[in-house]
Every structure is written in C-alpha cells, then in structure tokens.
Amino acid sequence: MEDYLKNNFELEAKRPSEEAQNRWRSAVWLVKNPRRRFRMVADLAKRAEIDKKRRRMQEKIRVALYVQKAALYFIDAAERTEKHKVPDEVKQAGFYISPDELALIVGTHDVKQLEYHAGPEGIAKKLSVSLKNGLSSTEIPTRQNIFGMNKFVEKPPRPFWMFVWDAMQDLTLIMLMVCAVISIGVGIATEGWPKGMYDGIGIILSILLVVLVTAISDYKQSLQFRDLDKEKKNISVHVTRNGSRKKVSIYELVVGDIVNLSIGDQVPADGLYISGYSLSIDESSLSGESEPANVAKERPFLLSGTKVQDGSGKMLVTSVGMRTEWGRLMVTLSEREEDETPLQVKLNGVATIIGKIGLVFAVLTFLVLTARFLVVKGINGQIRNWAINDALKLLNFFAIAVTILVVAVPEGLPLAVTLSLAFAMKKLMKDRALVRHLSACETMGSATCICTDKTGTLTTNHMVVTKIWICGEQKKVENYKPENVSEKVKKTLMHSLFLNTGAEVVKGKDGKTEVLGSPTETALLEFGLLFERDFDAERDELKIIKIEPFNSVKKKMSVLVALQGGGVRAFVKGASEIILGMCDKMEGRNGESASISEEQRKNITNAINDFANEALRTLCLAYKDVEKASNESIPDNNYTLIAVVGIKDPVRPGVKEAVQTCLDAGIVVRMVTGDNINTAKAIARECGILTGDGIAIEGSEIRDRSPEEMAEIIPKLQVMARSLPLDKHKLVTMLRKEFNEVVAVTGDGTNDAPALHEADIGLAMGIAGTEVAKESADVVIMDDNFTTILNVAKWGRAVYINIQKFVQFQLTVNIVALMTNFISACISGSAPLTAVQLLWVNMIMDTLGALAIATEPPHDGLMKRPPVGRNVNIITKIMWRNIIGQSIYQLIVLGVLTFDGKQLLKLNGPNSDATLRTMIFNTFVFCQVFNEINSRDMERINIFRGIFSSWIFVMVMVSTVTFQTVMVQFLGKFADTVPLSRDLWLVSILIGSVSLIVGTVLKFIPVSTKSSRVFEHHDGYEPLPTGPDLA
C-alpha cells in the first residue's frame, strides 16, 4: 500500500511539478462526488489557460508602456481629445478633471496630456490637494464617491445553496435517492398509505441530513478561506494627511492621497511621481518586463501592482480600484488557485485504495444477498412466481450495497485535511500568523531547522540609543546631550542624523511629536531630538541632492547635500566596521578633522566591540566634503568619522523559553543576522541559541569556504553575522540539499525574497517586512515574534497528528461496517444495518468525525518530540495495531449480538427481531462514539487529557449521542428502529465503553518500527516510553 502511495501520490510541498500533479489525478479512481472532492484542488487546464491569457495581456500592456501606444482593447476611451469634458458632479465636488481622463493619462503614459495639465502640480491643483500637507480626512467620503474605492471587483462568494448542490452530486446518494423513490412507489402499492412510504422517506431524510451537514461544513470552510484571502490582500500604506504622515489600509486610499514609497513597497494605486531619490520600479507583474523602470520627473507614471525595487519617493494617487491598470488586469483574470497539499494528495490515494476494496465488498454483498434470496425461492419452488414484494427486496439489497459503497469510499479523508488546515489557519490568524499557502501549515510540522533574523524577531524592535562614542570618548546617553563638544560638532552630528534618514518627525493627533520610520531610524532621530533641535528646520537648512537608501547588501545609507555657503557634503551611516573602513579622518572636539592613527583606529574598534559585547547594535556616522558633484555620485572613501552609536534592542520576553522548546522538539534554531558578530553572539547567548560547542561566523566566511569545509561547519553553525541575503540563500540551499533538512527561514527585506522562496517554509515579518518579502513567503508573522513561529510549528504538527487520528478512526468504522454486513449477508441472508442506519454511520465517521478529530487544538506534548519525518508513511504500524484491535473487538461483539443476541439479552415477543436489530445498530454507534474518544491519542493511555479544551469535539459527541437517542426512540418508522428499554441502553453504552479498555490494552502491545529513517516513531517521531509511563 505504501509503495503504491509513494509511486502515485507523492507530491512536493512547494512548487510541485505538473507531472506529479497529473500523475496523482490520473491514479484517483472511484470518486463519488468529484465537484466536492476536488473543490480545493487546482484545475490545471484552467490554470494553463489563465497563464496564457495573462501573458497575452502583459504583452499588450508592455507594448503600451514601452512603445507608448495608447490603445488597449480594455480602455474605454475610443477617441482622445485635447480637453475632456469634466462632469457636473465632479465640478460640484470641487474637482476640475474627470476620473476617466486621469486614468487615461497615467494608464497610457500620456506625457503631452500631462503637460497640458501643467504636470503633477497642475493635476494636484485640479484635485484640490496640497502636495505638502496632503488631504484632509474629512474629504475622504467625497473622493470615494466621485473617484471610487480602492477595491477590485471580486467574484461573489458562492451562496450556501451551491454547496448544497455540490453535496447532492454524490453518485451513490443519487442512486440511493432513486432507490428511495422506487421504494415509496412500490411500498404504497403493496402496503398502502402511509406505511408503505416509511422506508423510502427514511432514506430520503437521511440523504437530506447528510447533504445539509456536509454543505454547512463546506460553506463555513469557504468563509474562513475568504476571510484569510482578504487579510492577505490588506496591506498598509504610508500617506500624508492633515499635514502628517500616517499608516492606512490600502482599501482606504483615495484619489489625491500623497503616498510615501520605499524599497520593497507595492505601488497601491495608479499615480504620478512628485519627488524622491533613485526610484526604480519593477513592473514585471504588470507587463512581464524584467528590466526595472526608473521613475523621475521626466517619466512620472506609477502603476498599481508594481513594486519598488530601489530608492524612495512620493506619489500623487490619480486612479484607484477598477480604474487602475492592475484593476483591469485582475477583473479579466481570475486569481491563481492554490496547489493541493501533499497530505491531501496522499489521502486521495488512501481513499482510492479503500474505495476499491469497498466496491468489491459492496458487489459481493449484493451478489450474496441476491443469490441466497434466489436459492430460497428455488428451494420453495417459487422461482417462477414473482411479486412486487420480491422486487422490493432486491431493490433493498441494491440499496444496502450502494450504502456500503457510501460508507466504504472515504471521501472525507482528503477533505478532512482541508478542514483541519482551515481551522489551523483561522486559529493562527488569531495568534498573529497569516498562512498564505495551505501546504506551509503542513510542512511546518516537519521543520527541523529555523533560520531566524535577530532584530524584531528575537528582540523587541523597540530601539534606544544608550551609548555614543564621539570625539574619542565613550558616553552614556541618559536624556542629556553630550558635554565638552563644540557647537560645530553638534551641528554636523544633527545634520548627519536629520538629513541622512528615511524617517520623519510628525505631530500626532494629541499634538505630541512622533517619529515614523524603521526602529533603527526612530532611535537615531529620538536621540537627535534630545538636543532640542527642530527636525524640519535642520532639514530645510540644506538641500538634498541625492539619497542612496539603506539596503542589506551595502549595509549603509548615504545622502548628498548642498551646503549653504556653497559646496557639497556627503553623509553616510551604517555597519560600524564598513563605515570605519571608509574613514581616514575623525572629527575633533572643535570640529576639526584629523587623520586617524593606528592607535586611534584600534581604540575605535575596541569601542565598537565593547558596545557589541553589551548586545548593542553599533552604527557609525561619517561625512565627507565633495569638491565636484557633476555626476551626483556619492563617494565610498576618505570620510571623516563623526560618531559611533550603540543602540539597545532588548530580547523579547519568552524568546529564551521558545528557543528551548524548539530544541526539545528537535528543531535547531540558527540566528542569521546582518549585525556585528559580537552583538549577534551576545544576543544569541541570551536567547539560548549559542551554546558552548556551537559555531558563530560571519557571512563572508561562508562565501570563501569550500563545500567540504561547509559540510563540517554547518552541523555546529548556530550564528551567522554580517550576512548578505545571498549568504542566507546559500545556507538554506545547503541545509535542504546536502543535509536533507526541512528549513524554515525568516526574512523582511526585498533581498530576502530568494531565500524565502528557496526554503521549505518562508516566514516574512509582518511589521518590518516589505511587500516583496511577504509575497515570496508562505507565512507572514504579523507581530514579528519568534514565539509566533513556534505556534506555527506546533499547529503544523497538530494538523498531521489530527489527520492520522481521523484516518485511524475512519478505517476502523469502514472495516467493521463492511465486514458486519458482508458476513451477516453470507450467513443469514440479511444485513443487520439498513441503508438509513449506514447513512447515519457515514455521517458520524465522515463530516462529524472530521469536525471532531481534525480540529483538535495542539498540546504541549507535541513539542517534546522530534519533528514529523519528511515523506513518512501516513498509516503506521501503531495505527494498524489500533485499527485491527478495535475492529476485532467490535466484529466479535456485533457478531455475537447478531447470531445469539436474543438469547443473551432474553428478548421475547413479536418485537424481538426489531429490538435486536435496533440493539445491534445502537451498540455499533456507541462503539464508534467511544472509539472516537479513543482516537484522541494513538499511544498515551490518558485519552481524556484536554478534552474540554476542544469544544468542537465535545459538541460533536453530545450532538451524536442526542441524535442517536432521538433516532432510536422517536424515529423508528423511518430509521427501522424500535424504542429500547433503559437496561438495553445501558448495555449498549457499556459494550461501547469497553472500547476504551481495549484501546488501553492495545497500547501495551509493542510494535516494531524497523526503518532506515532517522525518526522511527509511528508518525515520524522518535519512540515514546512504553508501559506504565504512557499514562
């Protein structure tokens, strides 16, 4: 069985090949309801058609963008005049340009029409907006009414009745429905009204109940996925409103907004460039063009959906929602469907195998029942005499065979994975983790290594400058300005802090000063504000010529400014060793520049190391006066060192415990950071990542090592400092390819995208992360907290274990239901479980069973074992032990009741047969109820641990028992049951509860787990203690 699954139903969790996807689709056989079973499976033919259509449209857009041709077939403007008429309602609202003309100017890059309106400044005037202060918040509703909302037209959600319709497409249920209708017709003809219709009506009501419960479950799942999709698309945008910068949702953006763009941002709407530095845009998502486009005053057009590859800038929003190029593209093309997960595929394989076995038993049961019926008629000499009742009996045999097929084909297995993943994703969303790809939740349960950033993930990301080295002296910063420093030095320091920054100082709603920017930039500006200087006044003193924003490769940020007295000065800040290496002079107390001697360089290096050993982030600030700036290039050497600052970023509470939990769970945690190695080592020790025998190295050492040397280093590697994105990518690739590790990696920058893409699970930071990083990731950690990553791993393991528990439970029900009816048919010529009863059992084990077992929350015990092995067997020897043991017990009990029940239970009277059949049905159901409880833990004896923490499980148990009681006591005419006495109810419950004792005994039976794999536990874990320790 496992070989068959591996050959036909093996799929990569990330970027599966089309060959593997087609292989398992062709191997699936005997699908009762394709519409429902494959609802969460990608339609490859449709996907190929959409991709083809997308490429055609991208080519048309590319032609429009790069060849400057305006006519795209989806643009409404057939004729273009120099001046468009402005509608009256637009004028009355205070605007003097039409929404359609705005969309046309930017969408077609119409430079002449833009010049006609006096450029972006003229457009801003016609939109009644200040390019400096932005909109007033009171204007938002008016602008939304005139220019539209920044939302795309989405496919309407599927209504509930569509899920009911899908559930009714089950071929076996349709066959049963036909049988029921015939049964009603024949029954009324032979037994009269209303007695003759009870059997058929019972089947129809059971089918409707199955359809309703299935549809409700599927509909709720679809709502969960829809909510998650909305959250994926909801990104934050920095805008200037009421004269201050603030964050708003992309959905709240309106025409006239001033948007601030930086590296890694997604352009949230169509617009015009106002100002900025070296702004480079990746338009490949829209046009397919791989070369980035440089945006400047001469080419000011920005299109929605594109990404900022480099630089920074401000844009004026001119079109939103469906008037943007991106909106038109999205409405034409549907969203790309999610790939199926490996577990879904594997369980489709299991369902196929069991379905084939079930079909054989269903056919054999029908043949045996029919053969016995014909033999009896032959013996009685009535083979030539046929009545309507005979036809009704044959129809009943067929209905039983079909119902066996309903029970035998476990359609719920692959769907249980979707249910479990949807539940886990919803819970993780509450725990601040947004799962972007379903398979990531599964794969995280197998993670053996987490490569994590330091800043913001292990630390709080709330930074404060606590120490400074300036003019040859180290000082503590405790809310006062450094003394013994001349005004000239302070002025240079302030210019360095306030000009060379990507952050802004704004007034909050309460009038207090706020700093908007990255935590590092915020710490530096807050330090500068201690000198009681005015941020805007300092910036207005000098004119900024050029900015080179910080990136993780150069590890520095530079700015070129024009001095008031003439001349040009460059300011640079960044990684302390890199900036110090660029300096050959340092600033003295009186502002004079002096060459750095070897002794002074050594002292500065010692100061940097002292800061780093105290777990402080170190940055150097420097400047250089540039004689010529004709090409506006910022130099890379001969700078004058101003200061070294030490920034405190405390370790997050709970991180040390979370790291220890990971280690206990067999997950190796490695820190990969761009910080100084001494800072990294200090933080790593504090977090419990760096141990006595661990290795801490810099990224440059990885680059220079041979593969053989790397193979020796990596097993002990715990910290990689001063790493570049390519170093992280190389480490992830080696861990996956050479060491067969399942790697989770965190990232926040645009340059981290390749590593996030390469890793088994890419984890992007929700706060510090760029939109490019988030798009490349599988999971977005909304609070940037390492503890949240641990929760994702815990839920990943819970999903896998829950599915195994559900498989164990469902296979037990399958085996018992099949064997009971088949053996009884062979021996007695009748089936003890009717079609209605089997439909009820099917609902218990399928939809309700999946709800109860597949949604169990994780417990701490899951993180005290090694990870789930990669590609381990889904059905293990431990599971087979439990399945076979429980099946044997139930078959014995039901067999004894079937053939000797009357005598044992002392049943007499005309209703004894009906009472016995009801008793068998009731006992069978209670065996499943208690076995469902048994399935909560496949190895430990205490199966009641945490039962009340899973309210869904308790609710399903109560609902099952309640409906079973109603069915037996009050719905006898439809369910073919009679009311049972209190004693018989007690006997049913006691026989069912013995399943708990049987389960306990089974767990003491040792099972060999011979395997060549590292993990030899039933589910890929190491073996747990046996015997009394299990309790």
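As a reminder, the structure under discussion sits directly above these lines.
Since the structure is predicted, the reported quantities are computational estimates derived from the model, not experimental observations.

(A) Structural detail: the state of the cysteines. If you walk through the whole model with that rule in mind, you get zero disulfides. Here Cys583 is not cross-linked by a disulfide; its sulfur's nearest cysteine counterpart is in Cys620, at 6.8 Å. The exposure class of Cys620 is buried, given its relative accessible area of 0%.

(B) Fine view of the packing of helix 24 (residues 655–664) against helix 31 (residues 786–828). Closest axis-to-axis distance for the helix 24/helix 31 pair is 9 Å, and the angle between their directions is 30°. On the basis of their axis angle, the class for helix 24 and helix 31 is roughly parallel. Note that helix 24 runs across helix 31; the crossing there is left-handed. Here helix 24 contributes Val655, Ala658, Val659, Thr661 and Cys662 to the contact with helix 31, which in turn contributes Phe786, Thr787 and Leu790. Partitioning the contact of helix 24 with helix 31 into residue classes produces six nonpolar, two polar and no charged.

(C) Main features of the pattern of salt bridges. In the structure shown here, the tally under the stated rule is 33 salt bridges. With a closest N to O distance of 3.0 Å, Arg736 and Asp760 form a salt bridge. Here Asp760 lies in the loop between helix 29 (753–758) and strand 25 (761–765) and Arg736 lies in helix 28 (residues 725–737), a separation of 24 residues in the sequence. The two residues Arg736 and Asp760 agree in class, both being buried. A salt bridge links Lys805 to Glu856; the nearest nitrogen and oxygen atoms lie 3.9 Å apart. Of this pair, Lys805 sits in helix 31 while Glu856 sits in the loop between helix 32 (835–853) and helix 33 (877–905), placing them 51 residues apart in sequence. Counted as one network, the salt bridges with shared partners bring together Arg736, Lys737, Glu758 and Asp760.

(D) Local environment of the pairing of strand 23 (residues 717–721). By the criterion of burial, strand 23 is predominantly enclosed, with five of the five residues buried. Across two bridges, the pairing between strand 21 (residues 668–672) and strand 23 is parallel. Its bridge partner being in strand 23, Met671 is matched across the sheet by Val719. As judged from the four bridges shared by strand 22 (residues 695–698) and strand 23, these two strands associate in the parallel manner. The residue bridging Glu698 from the neighbouring strand is Ala721, located in strand 23.

Calculation rules
Numbers given for residues are sequential positions, taken from 1 along each chain in its written order. Local features in a predicted model are, by the rule used here, given only for residues with pLDDT of at least 70; side-chain atom pairs are given and counted only at 80 or more, and totals for whole chains, interfaces and linings are based on all residues. Only hydrogens and water are set aside when side-chain values are computed; all heavy atoms of the structure are taken into account. By definition, disulfides here are pairs of cysteine sulfur atoms that lie within 2.5 Å. Between buried and exposed lies partly exposed: a residue is buried under 20% and exposed over 50% of the maximum accessible area for its type, with that area taken using a 1.4 Å probe on protein chains only. Helix axes are fitted to C-alpha atoms over the stretch in contact, other axes to C-alpha atoms as well, and angles between N-to-C directions run from 0 to 180 degrees. Per the convention used, a helix needs a DSSP run of H or I reaching at least four residues, while a strand needs a run of E reaching at least two, with both numbered from the N terminus. An angle counts as roughly parallel when it lies under 35 degrees, as roughly antiparallel when it exceeds 145, as roughly perpendicular when it falls between 65 and 115, and as oblique in every other case. For a crossing to be left-handed, the near helix must be turned anticlockwise from the far one by less than a right angle; the clockwise case is right-handed. In this description, contact between two residues means that some pair of their heavy atoms is separated by no more than 4.5 Å. Polar here means any residue outside two lists: the nonpolar Ala, Val, Leu, Ile, Met, Phe, Trp, Tyr, Cys and Pro, and the charged Asp, Glu, Lys and Arg; Gly therefore counts as polar. Any Lys or Arg side-chain nitrogen located within 4 Å of an Asp or Glu carboxyl oxygen qualifies as a salt bridge. Each pair of strands is called paired provided DSSP finds at least two bridges between the two strands.

None of the figures reported here should be taken as evidence of function without further support.
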